[in-house]
There are 2 protein chains.
Amino acid sequence: MTGTMHTYLEEKTAYIENHLVPALEKEGVPSNLYESMKYSLMAGGKRLRPMLVLAVLEALEKPLERGVPFACALEMIHTYSLVHDDLPAMDDDDLRRGKPTNHKVFGEATAILAGDALLTRAFSLIAESYQTHPDVKPITTVNLIAELGKRAGATGMVGGQMADIEGEGQQLSLQELEFIHRHKTGDLLIAALRGGGYLAEANEEQMEALTQYGICIGLAFQIQDDILNVEGNAEQLGKAVGSDEERQKATYPSLLGLAESKDRLQALIEEAKSVLTKVGLENSALIPLADYVRTRNK
Amino acid sequence: MTGTMHTYLEEKTAYIENHLVPALEKEGVPSNLYESMKYSLMAGGKRLRPMLVLAVLEALEKPLERGVPFACALEMIHTYSLVHDDLPAMDDDDLRRGKPTNHKVFGEATAILAGDALLTRAFSLIAESYQTHPDVKPITTVNLIAELGKRAGATGMVGGQMADIEGEGQQLSLQELEFIHRHKTGDLLIAALRGGGYLAEANEEQMEALTQYGICIGLAFQIQDDILNVEGNAEQLGKAVGSDEERQKATYPSLLGLAESKDRLQALIEEAKSVLTKVGLENSALIPLADYVRTRNK
């Protein structure tokens, strides 16, 4: 990663994180519930989804501010999904990003409710923030919510998580593995890109390119995740490595081998960059962000 | 309950239930997840929240059809809250409406995900259904979602559930008990009424009356729930009676005694009817629906 890109990521991460806590409601919320929501929302992470929203606005020369509520909503949905995934009845994880998981700190009941409240807040945040926004039409807000709901729910992220749980300990085909990742990870990235497109008033061609880019980096992201689980550094990752093999989880390396997984990862990143170049977005931060998905070590 | 009201409730229940399953997405959803969502959505219940939406449209002489997506969304949110509340980490209930709870049939992981997916679907259903609706403006849809999110989330239903859990085994004041019920039960009823008001283009005075009516019947609903837990018939209720006392749960009868609880219930119902009468809605089904909240035996 170049120094410029490093600075870009740091700046954008700080920008996003400054907006996250104020986007939660505090007044009238039982304090334990508020603290539990804040704990997981501020427990670090790459902030990739909000970053993609901002990068689309930047690429289409629109003010970043316009993307903030939608970007925060995406991070809330991503966060709730991790809180629920870590529960004993699901993946039963004690650590997330090097810190105790939500239910380890606040208890299971609070973790379930904090996840529910983060998911609900995502939608009300979008609706409230754009209710009287001078540059975002009500129909754009409706489109954003329809897009986000579709990508986050039973046909999207939650469906992917369900397929993932059902596939554990099973011999999966590459197609089944891709269904899981396309939905579990890819769909929320696609929502970030398409939502950014709605907010930036992208034309149809640009919207299609953003969608394709999202599909590519979504799969690439997951392949890199699987590779890091084999080759990564537990300290940098903030979680154990080798856990996929231990759980006999189907992964790209287990299905394709490590070398072919890396080739596939590289090809997906090239494709992602190429679709953007074709619609004239080759100078946007989305290009180095695609590389970042491949080269990240956490 | 009069025969006419009985017929009204039966007709409206059938009308709502006919729309619930088609409002779920099926294609592209893992079948276990779909079945789990459908199981709890169709497990019976009074359908009170959707019924209130339809009654508001009827009272303001607007087509019922307009309220269907919002009504179904409310029922999905109500259902998800029951699925999550019944989990072992929460109330740990095996039976709901006389049937095994969701996690007893599908397992805990699926129950958590089905709840998440129902909550998400509620918002995408509203956004999608009204995206191109001839009589519902995009800003009305945005207002509906803001209202629903506020009433269902950390400042509303989820906050009430959190306070309820934290209050278990504690000596609560009447004020604390009312905070719990106002939010846990009342807020979603208020959302039904105000959402119906938005869809029916209620004026400010009518909206205020609908809100006050909602506050009254929300508390009344809970007082009757507490009374039924003392005096009710387990078979009719589909759940155990006496469980509140067993769990040493603070209830209206435990704080006020049974007689005063009944007086308070009656006064709330009278107030609910009176606020509607003042804005000329005395001939609407909302009047017998208020009585139904008091006289119901399940």
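One can find the structure itself at the top, above this paragraph.
Report on the accompanying structure. Everything quoted here is computed from the prediction, not taken from an experiment.

1. Some words on the overall build of chain A
Looking only at helices and strands, chain A has 15 helices and two strands in total. With the C-alpha coordinates of chain A rotated into their principal frame, the extents come out at 55 × 50 × 35 Å. Taking all contacts inside chain A whose residues are at least 6 apart in sequence as the whole, residues at least 24 apart take part in 74%. Carbon and sulfur atoms form 47% of the exposed surface of chain A, whose accessible area is close to 11,600 Å². Here chain A contributes 29 positively and 44 negatively charged side chains, and the mean placements of these two sets differ by 3 Å.

2. Some details on the interface of chain B and chain A
Contact with chain B, which involves 48 residues of that partner, is made by 48 residues of chain A. The junction of chain B with chain A conceals about 4,000 Å² of combined surface from both sides, 76% of it contributed by carbon and sulfur atoms. At the surface where chain B touches chain A, the tally comes to zero salt bridges. Where chain B meets chain A, there are six residue pairs in polar contact (both at pLDDT 80 or more). Of all the secondary-structure elements, those providing two or more residues to the side of chain B that touches chain A are helix 2 (31–41), helix 4 (68–85), helix 6 (108–130), helix 7 (138–152) and helix 8 (157–167) of chain B.

3. With respect to the packing of aromatic side chains
Summed over all chains, the structure comprises three aromatic pairs over all chains. With centroids separated by 5.6 Å and ring planes inclined at 65°, the aromatic side chains of Y39 of chain B and F106 of chain B adopt a geometry described as edge-to-face. Here the residue Y39 of chain B occupies a position in helix 2, and F106 of chain B occupies one in helix 5 (residues 102–106), the gap between them amounting to 67 residues. Looking at Y39 of chain B, the relative accessible area reads 24%, which means it is partly exposed. For F106 of chain B, a relative accessible area of 23% corresponds to the partly exposed category. Of note, R296 of chain A hangs over the ring of F221 of chain A, and the distance from its end group to the ring centre comes to 3.8 Å.

4. What to know about the nonpolar core
The biggest cluster of nonpolar side chains holds 198 residues, and the ones touching the most others in it are Y213 of chain A together with Y213 of chain B. The residues contacting Y213 of chain B, other than those within four sequence positions of it, are L52, L193, A272, V275, L276, L286, L289 and A290 of chain B.

5. Considering unusual backbone geometry
For R97 of chain A, which is not glycine, the phi dihedral falls at a positive 50°. Note that R97 of chain A resides in the loop between strand 1 (95–96) and strand 2 (99–100).

6. With respect to the pattern of salt bridges
Considering all chains together, one arrives at 37 salt bridges over all chains under this definition. Salt-bridge contacts for E25 of chain B lead to R121 of chain B; the nearest nitrogen and oxygen are separated by 3.6 Å. Of the two residues, E25 of chain B sits in the loop between helix 1 (3–20) and helix 2 while R121 of chain B sits in helix 6, which places them 96 residues apart along the sequence. Judged by its relative accessible area of 7%, R121 of chain B falls in the buried class. One continuous salt-bridge network, built from bridges that share partners, spans E147, R151, R182, D187 and R194 of chain A.

7. Describing the relation of the copies chain B and chain A
Each of the two chain copies can be generated from the other by rotation about an axis followed by a shift along it. Each copy superposes on the other: chain B lies on chain A with an RMSD of 0.0 Å after a rotation of 180° and an axial shift of 0.0 Å. Taken together, the turn and the small shift mark the pair as related by a two-fold rotation axis. The C-alpha atom lying nearest the rotation axis in chain B is that of P138 of chain B; the distance is 2.6 Å. A share of 100% of interface residues in chain B that are also interface residues in chain A marks the association as one of identical surfaces.

8. Some remarks on a negative patch on the surface
On the surface, D92 and E108 of chain A together with D92 and E108 of chain B cluster together to form a negatively charged patch. Tracing the chain through its elements places E108 of chain A in helix 6 (residues 108–130). Among the residues examined, E108 of chain A registers a relative accessible area of 31% and is labelled partly exposed.

9. Description of the packing of helix 1 (residues 3–20) of chain A against helix 4 (residues 68–85) of chain A
All names here are of chain A. At a minimum axis separation of 10 Å, helix 1 and helix 4 run at an interaxial angle of 80°. Between helix 1 and helix 4, the crossing angle belongs to the class labelled roughly perpendicular. Across the interface between the two elements, Y15, H19 and L20 of helix 1 pack against V68, C72, E75 and M76 of helix 4. Class assignment for the residues of the contact of helix 1 with helix 4 results in five nonpolar, one polar and one charged.

10. Digging into the environment of T185 of chain A
Residue and element names in this part refer to chain A. In this fold, T185 is placed in helix 9 (residues 174–199). Judged by its relative accessible area of 7%, T185 falls in the buried class. Spatially, the C-alpha atoms of T185 and I217 are 9.7 Å apart, while their sequence positions differ by 32 residues. If sequence neighbours within four positions are ignored, T185 has contacts with R49, I180, G218, F221 and Q222.

11. Structural notes on helix 7 (residues 138–152) of chain A
Between its first and last C-alpha atoms helix 7 of chain A spans 21 Å; for 15 residues at 1.5 Å apiece the expected length is 21 Å, and the two agree. Here helix 7 of chain A has its buried residues at T140, T141, V142, N143, L144, I145, A146, E147, L148, G149, R151 and A152 of chain A.

12. Describing helix 9 (residues 174–199) of chain B
Residue and element names in this part refer to chain B. A rise of 1.5 Å per residue sets the reference length of helix 9, with its 26 residues, at 38 Å; its end C-alpha atoms lie 35 Å apart and thus fit the reference within 8%. Taken as a whole, helix 9 carries its principal kink of about 50° at G186. Of the residues flanking the end of helix 9, it is E201, one or two places downstream, whose phi is positive at about 55°.

The rules behind each value
Residues numbered from 1 in each chain as written. Chains lettered and ligands numbered in written order. Predicted model: local features only at pLDDT ≥ 70, side-chain atom pairs only at ≥ 80, totals over all residues. Heavy atoms only, no water. Helix = DSSP H or I, 4+ residues; strand = E, 2+ residues; numbered from the N terminus. Contact = heavy atoms within 4.5 Å. Areas by Shrake-Rupley, 256 points an atom, 1.4 Å probe, with all protein chains shown as cover. Lys, Arg positive; Asp, Glu negative; His and termini not counted. Charge placed at Lys NZ, Arg CZ, Asp CG, Glu CD. Buried area = accessible area lost by both parts, 1.4 Å probe. Salt bridge = Lys/Arg side-chain N within 4 Å of Asp/Glu carboxyl O. Polar contact = N/O pair within 3.5 Å; in protein donor to acceptor, adjacent residues only side chain to side chain. Phe/Tyr/Trp six-rings, centres within 6.5 Å; stacked < 30°, edge-to-face > 60°. Buried < 20%, exposed > 50% of the residue type's maximum accessible area, 1.4 Å probe, protein only. Lys NZ or Arg CZ within 6 Å of the ring centre and 35° of its normal. Core = buried A, V, L, I, M, F, W, Y, C linked by side-chain atoms within 4.5 Å. Least-squares fit on C-alpha atoms with pLDDT ≥ 70 in both. Patch = residues over 30% accessible without salt bridge, like charges linked within 9 Å, V, L, I, M, F, W, Y side chains within 5 Å. Axes fitted to C-alpha atoms, helices over the stretch in contact; angles between N-to-C directions. Parallel < 35°, antiparallel > 145°, perpendicular 65-115°, else oblique. Nonpolar A, V, L, I, M, F, W, Y, C, P; charged D, E, K, R; others polar. Expected span 1.5 Å × (residues − 1). Bend = angle between axes of the 7 residues up to and from the residue.

Bear in mind that shape data such as this cannot, by itself, settle questions of function.
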